[in-house]
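One-letter residues, chain by chain:
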Amino acid sequence: MPSTATEAIKNTILVYEDASQVLHRFCTEVEGRDHLQHTTDNGSGASMFVTEGMTAELVYSVAPVVRSRVEEAKCKLRQEIAVRDTLTRHGVPVDRDLRKKIFAAIKELREAALLPAA
């Protein structure tokens, strides 16, 4: 049984990967944090948005800005999955520090390509 009333409220939107699909669901903040820790430990990604005082499903249903942020998080996670899977397919070792550096380099290249030349 939850120790506080806010733990029982599904006040969190969790964006996560499940079998290379990007999904979102509504859960308690504790469940969201547990899922984030699990994904971090397993090398996959997730994001979460916590609402204050209302259920996440209600906020999601009435706030276009929240829906937009969730879609942006899903898009970013899809990109991360694509890079991760490509690195794996090309035999890049599953070394967390190495992959972080490669992700940072790819992000820098993407951003440079989007900016006009100085």
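The structure we're discussing is the one just above.
So, here's what we can say about the structure. (Residues numbered from 1 in each chain as written. Predicted model: local features only at pLDDT ≥ 70, side-chain atom pairs only at ≥ 80, totals over all residues. Heavy atoms only, no water.)

## Quick notes on unusual backbone geometry
Of note, the phi angle at alanine 19 is positive, near 55°, even though the residue is not glycine. Secondary-structure assignment places alanine 19 in the loop between strand S1 (12–18) and strand S2 (21–27). Not every positive phi belongs to a glycine, and serine 20 is a case in point at roughly 65°. Residue position: serine 20 is located in the loop between S1 and S2. By relative accessible area, serine 20 is classed as partly exposed at 45%. (Helix = DSSP H or I, 4+ residues; strand = E, 2+ residues; numbered from the N terminus. Buried < 20%, exposed > 50% of the residue type's maximum accessible area, 1.4 Å probe, protein only.)

## Section: the sheet that holds strand S3 (residues 46–50)
Ordered by their spatial adjacency, three strands build an open sheet running S2-S1-S3, and the pairing between neighbours is antiparallel. Of all strands in the sheet, those with a lone pairing partner are S2 and S3, marking the two edges. Across this sheet, the average inter-strand angle for adjacent strands is 20°, counted without regard to direction. With five bridges connecting them, S1 and S3 associate as antiparallel partners. Residue pairing for S3: threonine 12 is matched across the bridge by valine 50. (Pairing = 2+ DSSP bridges. Axes fitted to C-alpha atoms, helices over the stretch in contact; angles between N-to-C directions.)

## Concerning the packing of aromatic side chains
Aromatic ring pairs: the centre-centre distance and the angle between the two ring planes describe each pair. Applying the stated criterion across every chain, the model contains one aromatic pair. Sitting above the plane of the tyrosine 16 ring, arginine 25 keeps its charged end 5.8 Å from the centroid. (Phe/Tyr/Trp six-rings, centres within 6.5 Å; stacked < 30°, edge-to-face > 60°. Lys NZ or Arg CZ within 6 Å of the ring centre and 35° of its normal.)

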